[in-house]
Amino acid sequence: MRSDRHNDDLFAEARLRRALRLEASELPPRIDLAAIVARARAERPAFAVAALVSRVLAGVAAAGLVGLTAMALPTVAPALASDLFAGGIETLTRVAIPVSALLSLAAQPTVPIAAIAALAVAIAYEYAQRRERVLEVTS
C-alpha cells in the first residue's frame, strides 16, 4: 500500500489557481463612477439640509450635556469628596487596628529579647554548619 507519488495531498499551483477563478457570471458588477457622481449631484440639496440639521442637533445636544455637567458638578463634588475621604479613613482604621496590636506586642520587653536570642542561636547554628571538618591524614 505504498504510493510512489510524494505529494498526493497537495494540489498543483496552476490547477488550484484555475479552480479559484471566477466565472464571468460570478464577477461583481463594475463600479460606475459617473452614475455615482450624477446621483450624488441630484440628491445634494436634500443631503446638505439633512447634514445641516444633523449638525445643529448634535451641537445642541453637546451644549446641553456640557451645561448639565457644569450645573451638576458643584452639587455632586462635595458629596463625592466626602465619600472618598470617609472611605480612606475607614480603610486606614481597618489597617491600623491589627497593626496596633502587633506594635503593642512588640513593645513587650520579652519579645525583642527573645528575637535577639533566636537570632544569636541561628547565627551560631549557621557557623557550626559551615565549618569544614578537618581530617588528618597520617602516613
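Remember, predicted model here, so these are calculated numbers, not experimental data. Along each chain, numbering runs from 1 in the same order as the chain's sequence is written. The predicted origin of the model limits local features to residues at a pLDDT of at least 70 and limits the giving and counting of side-chain atom pairs to 80 or more, whereas totals for whole chains, interfaces and linings rest on all residues. Side-chain numbers come from the whole structure's heavy atoms, not from hydrogens or water.

Quick word on the overall build of the protein chain
Per the convention used, a helix needs a DSSP run of H or I reaching at least four residues, while a strand needs a run of E reaching at least two, with both numbered from the N terminus. A count of helices and strands for the protein chain gives four helices and zero strands. Helices and strands appear in the protein chain in the N-to-C order α-α-α-α. Only protein chains enter the accessibility calculation, which uses a 1.4 Å probe; a residue is then buried when its area is under 20% of its type maximum, exposed when over 50%, and partly exposed in between. When each of the 139 residues of the protein chain is scored for burial, the buried share is 0%.

A word on the confidence of the model for the protein chain
Of all residues in the protein chain, 81% attain a pLDDT of 70 or more, and the chain-wide mean is 82. Confidence, expressed as mean pLDDT per element, reaches its minimum in the protein chain at helix H1 (residues 13–20) with 71 and its maximum at helix H3 (residues 44–106) with 90. Every residue carries a pLDDT, the predictor's confidence in it, which falls somewhere between 0 and 100.

Some words on the pattern of salt bridges
Should the charged atoms of two oppositely charged side chains come close, the side chains can pair. One speaks of a salt bridge when a side-chain nitrogen belonging to Lys or Arg is within 4 Å of a carboxyl oxygen belonging to Asp or Glu. Scanning all chains against the criterion turns up one salt bridge. A salt bridge links Glu90 to Arg94; the shortest N-O distance between them is 2.8 Å. A residue pair is termed a helical-turn pair when its members lie 3 or 4 positions apart in one helix, as Glu90 and Arg94 do in helix H3 at four residues. Classification of Glu90 by relative accessible area gives partly exposed; the value is 40%.

With respect to a nonpolar patch on the surface
The grouping of Ile31, Leu33 and Ile36 at the surface amounts to a nonpolar patch, some 350 Å² of accessible area in total. Its location among the elements puts Leu33 in helix H2 (residues 33–42). Classification of Leu33 as exposed rests on a relative accessible area of 60%. Patch rule: a residue counts if its relative accessible area is over 30% and it has no salt bridge; like charges are joined within 9 Å, and nonpolar side chains (Val, Leu, Ile, Met, Phe, Trp, Tyr) within 5 Å. Computed with the Shrake-Rupley method and a 1.4 Å probe, the accessible areas treat only the protein chains shown as cover for residues.

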